[in-house]
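One letter stands for each residue in the lines below.
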Amino acid sequence: MHRVSQPAPSFFTLPKKMHWMALLSGLLGTILTICVVHVVIISHEREFLLEYSEAILSRALKANKESRLSLKFASQSPYPQCSPQDMGYLRTGLWDFDFIHDIGRLKNGAIECSAGWGLLTHQRNLPHSSELTPDGYQFWKQLKDIPKEGISSDAVAQGNSIAFVSHYVFTNLPRVPEFISAVLTTKRSDYIYQTFGDINKQQTVALLSGEQDPFFWLPIEGRKIHTELCSQGSTVVCTTAVDSQLGIFGISYLYHTVIIVIGFLFGGITSLLVSFARLRKHSLGSHLKKAIEKKLLHVQYQPKIQLQTGEVVGVEALARWNDDTYGAVSPDVFIALAEQNNLIKSLTKVIVEKTLMDMRDYLVNNESFFVSINLSIQDLTDTQFLSFIDDLVERHGIKQEQLIFEITERSAADQEAMSNTTKQFIKKGYQVSLDDFGTGYSNLSWLSALEADEIKIDKMFTQAIGTDSINQNMLNGIFQLIENLKMHVVFEGIEDQCAEDYILERSPDAIGQGWLYSRPVNAEAIGQLLTTQPLRKDSNE
Ligand SMILES: Nc1nc2c(ncn2[C@@H]2O[C@@H]3COP(=O)(O)O[C@H]4[C@@H](O)[C@H](n5cnc6c(=O)[nH]c(N)nc65)O[C@@H]4COP(=O)(O)O[C@H]3[C@H]2O)c(=O)[nH]1
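All residue numbers here refer to positions counted from 1 along the written sequence of the relevant chain. Restriction of local features to residues with pLDDT of at least 70 applies here, the model being predicted, together with a cutoff of 80 or more for giving and counting side-chain atom pairs; totals for whole chains, interfaces and linings are based on all residues. As a rule here, side-chain values come from all non-hydrogen atoms in the structure, and water together with hydrogens is ignored.

**Notes on the side chain of E492**
Condition: Think of it this way: any DSSP run of H or I at least four residues long counts as a helix, any run of E at least two long counts as a strand, and we number them from the N terminus. Pairs of N or O atoms are called polar contacts if they sit within 3.5 Å, as long as, within protein, a hydrogen donor faces a hydrogen acceptor (for residues adjacent in sequence, only side-chain-to-side-chain pairs). Note on definitions: a residue-residue contact is assigned when non-hydrogen atoms from the two residues lie within 4.5 Å.
Counting through the fold element by element, E492 comes out in strand 20 (residues 488-492). A distance of 3.5 Å separates a polar side-chain atom of E492 from the backbone nitrogen of K459. In this structure E492 touches D435, D436, K456, I457, D458, K459, T462 and Q513, once residues within four positions along its chain are discounted.

Listed below in C-alpha cells is the structure:
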C-alpha cells in the first residue's frame, strides 16, 4: 500500500494513468476540422459553379436574343436584297448589337452579300445547319471560311438573312481554376453549343449523362460535383458546370498547411476539453466526494497517555482514506481538499458516526475514557452539527464530556466563529481542545476567550526537545505559560523516552501522544491496548 502525499492538493489532481481517449479525441478533432473545412470549401465551390453557369447562360441568351433581333431587323429592310442601300441598312443595324459582327443575305442556300464584306464575287454555299429550331431558325457552329476564307464563327439564319455571332460572346467570363469546366447545351442535352475549360468529348458525354456523386463530401481525391442551370422562357439553354478537384484537393499547399495547423489547434482544444472532463470525473476531488457519499473513509485511533501513570486515558480519531486509484491518501491532502471543496462537513459527519460506533463499548464501559475528534472551522459554522452530535451521543448512550473536539485556528478571521460555537459546545457538556498550539494563530492571546478545556502542544515543539533550536526555547516558555493554566495539556509527537522524561519533569500532569506509545491503529487494536496498559513504549513494536 502506497501513500499519496502531494504537497499542494488540487481538486483536479491527475490520476496516474492519463487516458488514451484524450489523445484519440485530439486526433478526431483534427480529422473533423479537415472534414468541416473540406465541406465548407465545397459549398463555396458549388456557389461558384452556379455563378459561373449563370454568367455563361446570360451571355448565351444575350447572343441568342441579338441574333433574333438582328435577323428581324434585316427582314424589315425596305431595299432590294444586296442593293447598296440594303447593305447600308444592315451596316447601320450592326451598331446596335454587341455580339453580332456581320449580317448577310442568302440566295439559293449561299451567301450573296454581307454588311461587312459587301457583294461577294464568289458565292459561298452553306453546309447543312447543325440545328434547326422549331420556330425556323437555323444554327451553325463554327461555320468555316464564310463569308470569307479564313474566317469562322457561329451563325444563325432565318429566311434570306444570316447573322454572324461574335467571338467575344464568352470572353471575360469569371476566371476559373483549371479543374472547373462547363458545357452549354440545349435543354435535353442533345445539342452542345459550346464547351468551356479543359474537358474532352468523352468527359462531356459522361458529365451530361452522369448522376451526382452522393459521397462527394468525403475528403477522398477524385470526387466531383456538378451543377445544372437552365434558362427560362421560350429559348431554353442549359449550362452544366463541373468541379473535378473538390474541397481541400483544389487548394494550394499553403492552405493545406493552414488547415492542418487549424486542425491541430482545434484537435488540441478538443483534447484539452476531453481531458478536463475526464479529469473532473476521475480527479482526486471527485473520488473523495464519492468516498464520502459511500462512507468509504475509515478511522484510526491514536492513544492519549497520562504520562505519569502510562494509562491510556483516551484516543484521538484520525481519518483514513484508501482509494482504489490513488491508494492511501494522506489526511493532510484529503482534509485540505475537502475543506477547499465544501466537502468537509459531510466528511466530519462520516468520521464522527464511525468513531462513535467503533468506540462506543470503550466509552460506555469506562466513563473517564474519552475520544478526541478533529473539527475544521467550517464544521463550526454548520448549524446542524451540534444537534447531529447530540442525537448520536444519545443513541449510543455516551456522556457528552467523553467527547473532545479538537479545533485548529488557521486565520484571525476564524476567531469569532470558533469562540461563539465552542461556547455552545461547552454549554452542552462537550470538551474543546485547542489543537496545534503555538503554530500560526493558535496562541494564548485568545485562549481564555475560547474557554477551551485542553490545549495540544504541536509536535514541532516536542520534537525540538534536546536540540538547540528556537522551538526548544519556545517550549520552555510554553511550560512556564501552562503552569498556571487550569486545563489539560497534551503534548503530541512524543517519539522517544528523552522527550517523555523532559516533559514529565516540567509538566507532571501532562498527557502525551506519539509513536513512543503507539502509532494510529484500528479500533480492535485499541481494545487490546486497553487490556495491556499501562503503556510505556510503542506497543506496535
Ligand atoms: N511525526 C510524528 N507524527 C505523529 C506522532 N504521533 C502522531 N503523529 C501524527 O500527527 C498527527 C496528529 O494529528 P493532528 O495534529 O490533529 O493533525 C491531523 C489533523 O489536523 C488532520 N486530520 C486527521 N483526521 C482528521 C479528521 O477526521 N478531521 C479533520 N478535520 N482533520 C483531520 O490531519 C492531520 C494529520 O493527520 P495524520 O497524518 O493522521 O497525523 C497525525 C498523527 O498520525 C509522532 O510521534 N511523530
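**Structural notes on helix 7 (residues 344-365)**
Rules: Given a helix with a known number of residues, its expected span is that number minus one, times 1.5 Å. Fitting axes to the seven residues that end at a residue and to the seven that start at it, the angle between those axes gives the bend at that residue. Exposed residues in this analysis have more than 50% of their type's maximum accessible area, buried residues have under 20%, and partly exposed residues fall in between, with area computed by a 1.4 Å probe over protein chains only.
Between its first and last C-alpha, helix 7 extends 31 Å over 22 residues, near the 32 Å set by a 1.5 Å rise per residue. Along its length, helix 7 reaches its greatest deviation from straightness, about 60 degrees, at M359. All of the buried residues in helix 7 are I344, L347, T348, V350, I351, V352, T355, L356, M359 and L363.

**Here we look at the UniProt feature "transmembrane region" (unreviewed entry) in the protein chain**
Rule in force here: UniProt positions are given in the numbering used here, feature names are shortened, and annotations may be inferred rather than shown by experiment.
Per the UniProt annotation, the sites labelled "transmembrane region" (unreviewed entry) are residues 20-41 and 253-279. Split by type, residues 253-279 is 100% helix and 0% strand. Its first and last C-alpha atoms lie 38 Å apart.

**Overview of the packing of helix 13 (residues 470-483) against helix 14 (residues 497-506)**
Where we set the bar: Note on geometry: axes are lines fitted to C-alpha atoms, helical ones only across the stretch in contact, with angles between N-to-C directions running from 0 to 180 degrees. Two helices cross in a left-handed way if the nearer one is turned anticlockwise from the farther one by less than a right angle. They cross in a right-handed way if the turn is clockwise. When residue character is reported, Ala, Val, Leu, Ile, Met, Phe, Trp, Tyr, Cys and Pro are called nonpolar, Asp, Glu, Lys and Arg charged, and the others, Gly included, polar.
Across the interface, helix 13 lies against helix 14 with an axial gap of 10 Å and an inter-helix angle of 35 degrees. Handedness of the crossing formed by helix 13 with helix 14: right-handed. In this structure, helix 13 contributes Q472, L475, N476 and F479 to the contact, and helix 14 contributes Y502, I503 and R506. Among the residues making up the contact of helix 13 with helix 14, the classes are represented as 4 nonpolar, 2 polar and 1 charged.

**Things to note about the site of the ligand**
Selection criterion: To be near a molecule or strand, a residue needs just one of its heavy atoms within 4 Å of it. Residue burial considers only the protein chains on display, and all accessible areas are found by Shrake-Rupley using a 1.4 Å probe.
For the ligand, the set of nearby residues contains 23 residues, the closest of which are Q302, A319, R320, E495 and W515. A distance of 3.4 Å is found between a nitrogen atom of the ligand and a side-chain nitrogen or oxygen belonging to Q463. E495 is positioned such that a nitrogen or oxygen atom in its side chain is 2.6 Å from a nitrogen atom of the ligand. Bound to the protein, the ligand loses 88% of the 800 Å² it would expose on its own. Elements represented by at least two residues in the shell around the ligand include exactly strand 14 (311-323), helix 6 (331-340), strand 16 (370-375) and strand 18 (431-437).

**Describing unusual backbone geometry**
You will see that C82, though not glycine, has its phi angle at about 65 degrees, which is positive. When you line up the elements, C82 lands in the loop between helix 1 (20-75) and helix 2 (84-94). The backbone phi angle of N342 is positive, close to 60 degrees, even though this residue is not glycine. Among the structural elements, N342 can be located in the loop between helix 6 and helix 7.

**What about a nonpolar patch on the surface?**
As a reminder of what qualifies: Patches here: salt-bridge-free residues with over 30% relative accessible area, like charges joined within 9 Å, nonpolar side chains (Val, Leu, Ile, Met, Phe, Trp, Tyr) joined within 5 Å. When a carboxyl oxygen of Asp or Glu is within 4 Å of a side-chain nitrogen of Lys or Arg, the pair counts as a salt bridge.
Taken together, the side chains of L24, L27, L28 and I31 define a hydrophobic patch exposed on the protein surface, amounting to about 370 Å² of accessible area. By the secondary structure assignment, L27 is in helix 1.

**Some remarks on helix 2**
Think of an α-helix as turning once every 3.6 residues; residues three or four places apart then point the same way. Convention followed: Relevant arc is that of directions from the helix axis to the C-beta atoms, nothing else.
For helix 2, every residue scored as buried is listed here: D86, M87, Y89, L90, G93 and L94. Around the axis of helix 2, the buried residues are gathered within 155 degrees of arc, so they sit on the same side.

**Notes on the nonpolar core**
A general tendency of soluble globular proteins is for nonpolar side chains to be buried together. Quick note on the threshold: The term nonpolar core refers to a set of buried residues drawn from Ala, Val, Leu, Ile, Met, Phe, Trp, Tyr and Cys, joined through side-chain atoms within 4.5 Å.
Counting residues in hydrophobic clusters, the biggest one holds 76 residues, and the most contacted among them are L288 and F491. If we ignore the near neighbours within four places in the chain, the residues touching F491 are I457, T462, L475, F479, I482, I503, S507, A510, I511, G512 and Q513. In terms of nonpolar packing, the next biggest core, distinct from the first, is built from 38 residues, I42, L57, L90 and I103 among them.

**Overview of the sheet that holds strand 8 (residues 161-165)**
Backbone hydrogen bonds hold the strands of a sheet together, and the pairing may be parallel or antiparallel. Applicable threshold: DSSP calls a pair of strands paired once it identifies at least 2 bridges connecting them.
Across the sheet, which stays open at both edges, the 7 strands sit in the order 4-3-2-8-7-6-5 with antiparallel pairing between neighbours. What marks the edges here is a single partner per strand, and that holds for strand 4 (118-125) and strand 5 (131-132). Bridging between strand 3 (residues 110-114) and strand 4 involves 4 bridges; their strand directions are antiparallel. Counterpart to S114 in the pairing with strand 4 is G118. Across the sheet, helix 2 lies against strand 2 (100-107), strand 3 and strand 4, angled at about 150 degrees from strand 2, the strand it touches most.

**What about the pairing of strand 7 (residues 152-158)?**
Among the 7 residues that make up strand 7, 5 are buried, leaving the element largely enclosed by the rest of the structure. Where strand 6 (residues 138-144) lies against strand 7, 5 bridges are found, and the strand directions are antiparallel. Among the inter-strand pairings, K144 is bridged to a residue of strand 7, identified as S152. Here strand 7 pairs with strand 8 via 4 bridges, running antiparallel. Opposite A157, over in strand 8, you have I162 as the bridge partner. Linking two consecutive strands that pair antiparallel, namely strand 7 and strand 8, is a turn of 2 residues; a positive phi of about 60 degrees is found at G159 within it.

**Notes on the state of the cysteines**
How we decide: In plain terms, two cysteine sulfur atoms within 2.5 Å form what is called a disulfide here.
In the structure shown here, the tally under the stated rule is 2 disulfides. Bridging C82 to C113, the disulfide has an S-S length of 2.0 Å. Of note, the bridge from C82 to C113 carries an S-S torsion of about -85 degrees and is left-handed in sense. Taken as a pair, C82 in the loop between helix 1 and helix 2 and C113 in strand 3 lie far apart in primary sequence, 31 residues in all. Assigned by exposure class, C82 and C113 land together as buried.

**Re the environment of D324**
With respect to the secondary-structure elements, D324 resides in the loop between strand 14 and strand 15 (327-329). Given the relative accessible area of 81%, D324 is considered exposed. Taking C-alpha positions, D324 is 9.1 Å from H287, a pair spaced 37 residues apart along the chain.

**Concerning the side chain of S433**
Relative to the helices and strands, S433 resides in strand 18. Ignoring anything within four residues of it in the chain, the contact list for S433 reads I404, F405, E406, I407, E454 and K456.

**A short note on the pattern of salt bridges**
Any two side chains of opposite charge can pair if their charged atoms end up close together. In this structure the tally under the stated criterion is 14 salt bridges. Members of the salt-bridge network, linked through shared partners, are K304, E316, E406, E454, K456 and E492.

**Here we look at the packing of aromatic side chains**
Cut-off, in case you're wondering: Pairing of aromatic rings covers Phe, Tyr and Trp, the last through its six-membered ring, and needs centres within 6.5 Å; plane angles under 30 degrees mean stacked, over 60 mean edge-to-face, and all others mean tilted.
Scanning the entire structure with this criterion turns up 16 aromatic pairs. Consider the rings of F139 and Y191, whose centres lie 6.1 Å apart with planes at 85 degrees: the pair is edge-to-face. Here F139 is found in strand 6, whereas its partner Y191 is found in the loop between strand 9 (180-186) and strand 10 (192-196), with 52 residues between them in sequence. Ring-pair connections join several aromatic residues into one group, and the members of that group are F385, F388, F405, F425 and Y430.

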